[in-house]
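# Breakdown of the fold
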Amino acid sequence: MWVNELLSYWLQAPWAIALVMATCVHMTIYFAGAGLGSYFTSNLWPRLHLGQTIDTHPPRPKQVMGEIRNGIVACLVFGVISLSYRALCTGLWPASWPMGLLQITAFVVFNNVYSYATHRMLHSRQLIRIHRVHHHSVRVTPWSGYSVHPVEAVIIGATLPLFMLVVPLGIGTAFLLHALGMLFTTCIHCNYDLMPNCPDGNWIKRLVDDPGYHRLHHTRGNVNYGFTSRAMDRLFRTIG
Ligand SMILES: [Zn+2]
Ligand SMILES: [Zn+2]
């Protein structure tokens, strides 16, 4: 399979080639994800009367250009950090499906705790200067997800290598998890509610971080710190 051949080549390639390849992969996911997100939420879905825009104000002038600049730097940081996967990974894929599911579940739990803890830290008096770059986007766009300070990009990018120090992953699983994380980040910044008639008590809205939920973090600043699920916000009573 060409994916396996590519992954095997990447694992053995000289570091400079591996860096260029990894950065290209991150850029592709970022531009494809946010580009398609922009097209769906500002064009296709409104035309099909599917869901609704949450904040109807337009972004600030030149906001999107600034977000894309920050996003490109974040992709470069992720490219550098992904080189650490080469030292930490075990082969390409997990030995079996149950093992793969176990690894993914453990990572989702770890990611929820790690991202909540680091996000709360980034809101401390000492670190808010770094995190303010992300909060410049009050009216979020699909490009806002990776509009972060390079130091914050390092904190985000470190999630997988830190997890892999304890639970070694195949390189395919590691890239898949990182790619899905990038796409999810893009989704929660897309300023679009696909289920506007879904009541707040619905189990999806009680469990999963969605664009409306994360938008409230950008507008209020002191609620809804969680990533992917609302569990940590419920636990620490920071739900908005
Ligand atoms: Zn924040
Ligand atoms: Zn955000």
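Use the structure listed above.
Worth saying up front: this structure is predicted, and the values here are computed from it rather than measured.

### Regarding the coordination of the zinc ion (ligand 2)
Here the zinc ion (ligand 2) is held by His134 (NE2), His189 (NE2), His214 (NE2) and His218 (NE2), and the distances to it run 2.0 to 2.1 Å. Classification of the site at the zinc ion (ligand 2) rests on its 4 donor atoms, whose angles at the metal span 91 to 155 degrees, yielding the label irregular. Binding-site remark: the zinc ion (ligand 2) is held by donors from one chain whose sequence spacing is H-x54-H-x24-H-x3-H. Of this pair, histidine 189 sits in the loop between helix H8 (171-188) and strand S2 (192-193) while histidine 218 sits in helix H10 (residues 211-220), and the two are 29 residues apart along the sequence. Across the pair, exposure class does not vary: histidine 189 and histidine 218 are buried alike.

### Here we look at the layout of surface pockets
The gaps left among the atoms become clear once a water-sized probe is rolled over them. Volume-wise, the largest pocket comes out at about 430 Å³. Along its surface, the largest pocket is lined by 22 residues, and Trp45, Cys187, Cys190, Leu194 and Pro211 are the ones closest to its centre. For the lining of the largest pocket, the secondary-structure elements that each account for two or more residues are helix H2 (15-47), H8, S2 and helix H9 (203-207). With 6 residues, the top contributor of residues to the lining of the largest pocket is H2. Looking at side-chain class alone, the lining of the largest pocket contains 14 nonpolar, 4 polar and 4 charged residues. In this structure, the second largest pocket encloses a volume near 360 Å³.

Each value, and the rule that gives it
- Residues numbered from 1 in each chain as written.
- Chains lettered and ligands numbered in written order.
- Predicted model: local features only at pLDDT ≥ 70, side-chain atom pairs only at ≥ 80, totals over all residues.
- Heavy atoms only, no water.
- Donors = N, O, S within 2.8 Å, 3.2 Å for Na, K, Ca; no water.
- Tetrahedral: all angles 85-135°; square planar, octahedral: opposite > 155°, others 65-115°.
- Helix = DSSP H or I, 4+ residues; strand = E, 2+ residues; numbered from the N terminus.
- Buried < 20%, exposed > 50% of the residue type's maximum accessible area, 1.4 Å probe, protein only.
- 1 Å grid on protein atoms, 1.4 Å probe; cavity = no way out; pocket = protein on both sides within 12 Å on 5 of 7 lines; lining within 4 Å.
- Points joined across faces, edges and corners; volume = space filled by probe spheres on them.
- Nonpolar A, V, L, I, M, F, W, Y, C, P; charged D, E, K, R; others polar.

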